[in-house]
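Given next are the chains, with one letter for each unit.
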Amino acid sequence: MFLTCMETVTKELVSWMRGHESSVFSISVHASGKYAITTSSDTAQLWDLDTFQRKRKLNIRQSVGIQKVFFLPLSNTILSCFKDNSIFAWECDTLFCKYQLPAPPESSSILYKVFAVTRDGRILAAGGKSNHLHLWCLEARQLFRIIQMPTKVRAIRHLEFLPDSFDAGSNQVLGVLSQDGIMRFINIQTCKLLFEIGSLDEGISSSVISPHGRYIACIMENGSLNIYSVQALTQEINKPPLPLVKVIEDLPKKKLSSSDLKMKVTSGRVQQPAKPRGSKIQTRILKQDLTGDFESKKNELPDGLNKKRLQILLKGYGEYPTKYRMFIWRSLLQLPENHTAFSSLIDKGTHVTFLNLQKKYPIKSRKLLRVLQRTLSALAHWSVIFSDTPYLPLLAFPFVKLFQNNQLICFEVIATLIINWCQHWFEYFPNPPINILSMIENVLAFHDKGLLQHFIDHDITSQLYAWPLLETVFSEVLTREEWLKLFDNIFSNHPSFLLMTVVAYNICSRVPLLNCNLKDDFEFFFHHRNNLDINVVIRQVYHLMETTPTDIHPDSMLNVFVALTKGQYPVFNQYPKFIVDYQTQERERIRNDELDYLRERQTVEDMQAEVDQQRVEDEAWYQKQELLRKAEETRREMLLQEEEKIIQQRQRLAAVKRELQVKEMHLQDAARRRFLKLQQDQQEMELRRLDDEIGRKNLTENQAAVAKEMRADADAYRRKVDLEEHMFHKLIEAGETQSQKTQKWKEAEGKEFCLRSAKKASALSDASRKWFLKQEINAAVEHAENPCHKEEPRFQNEQEDASCLPRTSHLNDSSEMHPSTQISLNRRAVEWDTTEQNLIQKVRNLRQRLTAQARHRCQTPHLLAA
């Protein structure tokens with residue numbers, strides 16, 4: 001979170017103040033305008049409004065929150081109120097804890113939420129969620145009264161004292177805004193309800209009272225803004241005090257009627273009763289009472305102060321209390337605080353005379369310089385002579401520094417000072433006020449002739465020993481505290497007190513001044529601080545005021561104090577108008593001439609600047625051209641070098657390219673050969689695979705055909721054998737029935753032998769056929785693998801192998817067989833021979849086909865290669 005400080009006149013942003021982490025709900029400004037306190041729920045921070053820097057920070061525990069922290073009016077005391085009802089008072093400068101208020105009684109213990117303090121800072125009112133109000137006496141530091149509000153009030157939302165012009169700051173009327181939206185005004189002494197504003201239908205949300213207590217501004221709950229006149233609400237609040245002049249009735253000395261004895265005493269004249277004819281009535285004028293009443297009225301000041309009492313206090317303590325000084329000054333000077341008139345002067349802007357004020361008076365603080373410039377401009381707009389007064393910044397600076405946070409008060413204090421304490425200063429304008437300096441010299445001559453003679457001997461005039469003190473109002477020779485103490489006395493006395501102070505300062509500095517012999521030493525003395533006790537000077541001023549003869553006393557030539565008028569500021573024309581007008585005209589003419597000269601000089605400077613700029617540009621152009629030429633030559637050399645490098649690189653690249661081409665050709669040739677060999681291998685492998693598959697297919701088909709033929713032959717042979725056996729048995733049964741019994745055994749044995757021989761021959765025949773088929777198959781496979789070999793020797797070998805096969809005839813023994821059996825066996829042998837011949841013929845045919853296929857395959861690779 002941050003705070004922004006704005007200028008109310010120009011509405012410009014002055015500064016930012018950062019430091020709060022939560023929202024700020026309370027801001028309190030010191031009476032001097034130098035400090036401010038900002039309060040949030042967790043911390044309170046003290047700011048210096050001159051530098052807008054944070055001076056101190058109040059941190060608390062989270063369990064104890066801050067309710068409100070604020071300055072007490074017209075004092076250097078800070079009051080901090082916490083949510084646990086603890087209230088502490090702190091010293092503003094040292095932040096030393098001055099005291100703590102005791103806890104309220106348990107019978108009326110409430111949690112404080114809202115607070116209000118009287119203008120004199122003596123009474124603190126506190127309230128919260130209750131209809132009780134606690135009034136604390138801050139001087140006695142104790143609770144002195146508990147006020148019970150009406151039963152309708154359950155909680156108090158806002159408290160504010162109503163200012164009164166006749167109570168000297170000890171406000172007696174307190175405004176109490178409750179939860180029902182009604183603000184009730186009560187007298188805290190009599191506890192009487194005076195009046196109330198707002199209603200249940202139109203409640204008040206928040207309110208504020210004007211500084212003089214004349215108006216009350218309220219923001220209503222419906223959003224409207226109502227302004228109430230306090231005077232119209234009640235007559236008891238602004239009732240003036242009892243009159244000082246009353247009617248006195250004297251006892252009759254002669255026989256007179258009662259009407260003839262009445263006497264009225266007024267402040268300005270004495271009214272006498274009518275004289276009866278023929279008699280003389282003695283009248284009395286109450287001179288003592290009238291004089292006392294006049295002096296009392298004369299010494300009465302605003303805000304309930306009395307000038308005579310303040311002077312007694314000042315003589316007793318030497319100065320006013322620091323925390324009440326600004327309040328007392330405003331009362332002594334009777335400042336009207338004309339906001340509208342001052343705003344109209346400020347709205348005219350900065351006067352042309354003070355536009356370049358910072359060049360002549362380089363002030364470090366920008367804020368102080370801005371306030372000084374604004375105040376001087378307002379004075380120049382108020383009266384034209386102040387725009388030509390050279391010493392006006394020196395005269396106004398100490399007051400600007402003192403009242404920099406309240407520019408209205410600053411302006412009115414300076415204006416009041418000029419009207420009263422600077423009387424006749426501008427009659428010899430633009431020269432120093434010779435008449436005023438003559439008054440000072442006359443007083444000095446009366447009280448210290450030796451010192452004046454010393455000044456005369458060294459050619460030191462009043463313009464050197466008096467005027468520097470007046471035009472700077474002693475700000476160069478006094479410290480801040482000494483200057484404030486001196487002006488406490490100046491503002492409390494006749495305007496001649498300032499002139500007497502100049503004389504007293506010289507008299508009190510008599511010893512060092514008598515030791516000065518050079519003019520530079522005198523000038524240095526009256527423009528720098530010296531080792532001088534200001535209290536001695538002030539006592540000497542009072543002595544001079546009392547002992548100076550009337551004929552040379554400045555008060556006989558100066559008017560009494562006159563305050564600024566209310567509403568509008570008075571016209572200031574106490575100066576030679578024709579001189580000021582002439583000087584203004586001359587200054588305007590000089591200013592115009594100067595402006596013309598400045599314009600011409602500016603034109604010449606612009607032309608010279610253009611010429612210089614052109615020369616600089618030409619030189620820069622030539623330099624740039626030279627640099628470009630050198631850069632071009634450098635680039636050309638670089639390009640030549642780069643071209644040589646590129647040529648060399650191209651040569652190397654061509655050589656590498658040739659090598660790569662040769663390598664590429666070799667690699668392509670090797671790759672081509674590898675590819676051709678791979679293709680050849682793949683073709684050969686494919687041919688072998690095809691040959692193998694063809695051989696397998698042919699062999700499978702041939703084997704299947706041979707096996708089928710052999711099975712058919714074997715089946716035919718078995719059927720034939722079975723038929724023959726059947727026929728043989730029938731023949732045996734038919735032809736040999738007679739010898740059946742005798743030869744039965746022999747025939748059985750022969751038959752068994754024949755059968756065994758037949759089976760044996762069949763087995764041999766089967767074995768020979770199997771062997772022959774195996775040999776043929778092997779020969780066919782070998783021929784398929786070597787198709788180009790000759791075939792004739794193979795057939796010869798096969799014939800030889802076939803001749804070596806066992807014959808069935810070798811197994812037959814005719815001598816041992818029966819004739820019929822012999823016939824049968826011969827038939828079978830012939831059939832076997834025929835079968836074998838057929839099988840041999842088939843095998844040969846198969847071999848011939850395989851040979852033809854092999855020859856065809858032998859011719860195929862040459863065709864593929866071609």
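Look above for the structure.
Given the structure is predicted, the values throughout are model-derived calculations rather than measurements.

**A word on the packing of helix 7 (residues 366-382) against helix 8 (residues 392-402)**
At step 1: Orientation of helix 7 relative to helix 8, taken along the N-to-C sense of each, is 125°, at an axis distance of 10 Å. Comparing their axes, helix 8 and helix 7 come out oblique. The two elements helix 7 and helix 8 cross, and the hand of that crossing is right-handed. Mapping the contact onto sequence places L368, V371, L372, T375, L376 and L379 in helix 7 and L392, P393, A396, F397, V400 and K401 in helix 8.

**Focus on the sheet that holds strand 15 (residues 156-162)**
Two pairing modes exist for strands in a sheet, parallel and antiparallel, and in both the strands are linked by backbone hydrogen bonds.
At step 1: Taken in spatial order, the 4 strands of this open sheet run 15-16-17-18, and their pairing is antiparallel. Across the chains shown, the open sheet's two edge strands, defined by having one partner strand only, are strand 15 and strand 18 (192-197). Mean inter-strand twist for the sheet, computed between neighbouring axes without regard to direction, equals 25°.
At step 2: Here strand 16 (residues 173-178) pairs with strand 17 (residues 183-187) via 5 bridges, running antiparallel. Paired with G175 across the two strands is F185, which belongs to strand 17.

**Points about the packing of aromatic side chains**
Each aromatic ring pair is described using two quantities: the centre-to-centre distance and the angle formed by the ring planes.
At step 1: Applying the stated criterion across every chain yields a total of 33 aromatic pairs.
At step 2: Measuring from ring centre to ring centre gives 5.0 Å for Y391 and W467, while their planes differ by 85°; the resulting arrangement is edge-to-face. A residue pair is termed long-range when its members are at least 10 positions apart, and Y391 in the loop between helix 7 and helix 8 and W467 in helix 13 (residues 467-471) qualify at 76 residues.
At step 3: The buried category is assigned to Y391, whose relative accessible area is 8%.
At step 4: Taking 5.1 Å as the distance between ring centres and 70° as the angle between the ring planes, the aromatic pair formed by F399 and W483 counts as edge-to-face. In this pair, F399 sits in helix 8 while W483 sits in helix 14 (residues 480-491), placing the two residues 84 residues apart along the sequence. In this structure, F399 and W483 share a single accessibility class: buried.
At step 5: Clustering of aromatic rings is evident, with ring pairs tying together F342, W382, F386, Y391, F411, W425, F426, W467, Y569 and F572.
At step 6: It is K68 that lies over the ring of F70; its NZ or CZ is 5.2 Å from the centre.

**Remarks on the sheet that holds strand 6 (residues 53-59)**
At step 1: Taken together, the 4 strands give an open sheet; going across it, the order is 3-4-5-6, and neighbouring strands pair in antiparallel fashion. Unpaired on one side and paired on the other, strand 3 (24-29) and strand 6 mark the two borders of the sheet. Across the sheet, the mean angle separating the axes of adjacent strands is 20° when strand polarity is ignored.
At step 2: Relative to strand 4 (residues 35-40), strand 3 runs antiparallel, the two being bridged by 5 bridges. In the strand pairing of strand 4, V29 is matched with A36.

**Re the pairing of strand 4**
At step 1: Across the 6 residues that make up strand 4, a large majority, 6, are buried.
At step 2: Burial of strand 4 is two-sided: the residues Y35, I37 and T39 facing one way and the residues A36, T38 and S40 facing the other way are all buried.
At step 3: Taking the residues that link successive antiparallel strands as the turn, the strand 3-strand 4 hairpin has 5 residues, and the phi of G33 there is positive, at about 75°.
At step 4: Bridge analysis of strand 4 against strand 5 (residues 43-48) gives 5 bridges, and the strand direction is antiparallel. Directly across from T39, in strand 5, lies its bridge partner A44.

**A short note on the nonpolar core**
At step 1: Ranked by internal contacts, the top residues of the largest apolar core, which has 107 residues, are W329, W382, L470, F474, W483 and F491.
At step 2: The dominant element in this core, judged by the number of residues it contributes, is helix 9 (residues 407-420), at 10 residues.
At step 3: Non-local contacts of L470, meaning those with residues more than four positions away in its chain, are made with L395, W425, I436, L437, I440, L498, L499 and V502.

**A few points about the packing of helix 4 (residues 322-333) against helix 14**
The angle between the axes and the distance between the axes are what describe a pair of packed helices.
At step 1: Closest axis-to-axis distance for the helix 4/helix 14 pair is 10 Å, and the angle between their directions is 30°. Classed by the angle they form, the pair helix 4 and helix 14 counts as roughly parallel. As helix 4 runs across helix 14, the sense of the crossing is left-handed. Contacts between helix 4 and helix 14 involve R325, W329, L332 and L333 on the former and, on the latter, W483, L484, F487, D488 and F491.

Calculation notes
- Residues numbered from 1 in each chain as written.
- Predicted model: local features only at pLDDT ≥ 70, side-chain atom pairs only at ≥ 80, totals over all residues.
- Heavy atoms only, no water.
- Axes fitted to C-alpha atoms, helices over the stretch in contact; angles between N-to-C directions.
- Helix = DSSP H or I, 4+ residues; strand = E, 2+ residues; numbered from the N terminus.
- Parallel < 35°, antiparallel > 145°, perpendicular 65-115°, else oblique.
- Left-handed = near helix turned anticlockwise from the far one by under 90°.
- Contact = heavy atoms within 4.5 Å.
- Pairing = 2+ DSSP bridges.
- Phe/Tyr/Trp six-rings, centres within 6.5 Å; stacked < 30°, edge-to-face > 60°.
- Buried < 20%, exposed > 50% of the residue type's maximum accessible area, 1.4 Å probe, protein only.
- Lys NZ or Arg CZ within 6 Å of the ring centre and 35° of its normal.
- Core = buried A, V, L, I, M, F, W, Y, C linked by side-chain atoms within 4.5 Å.

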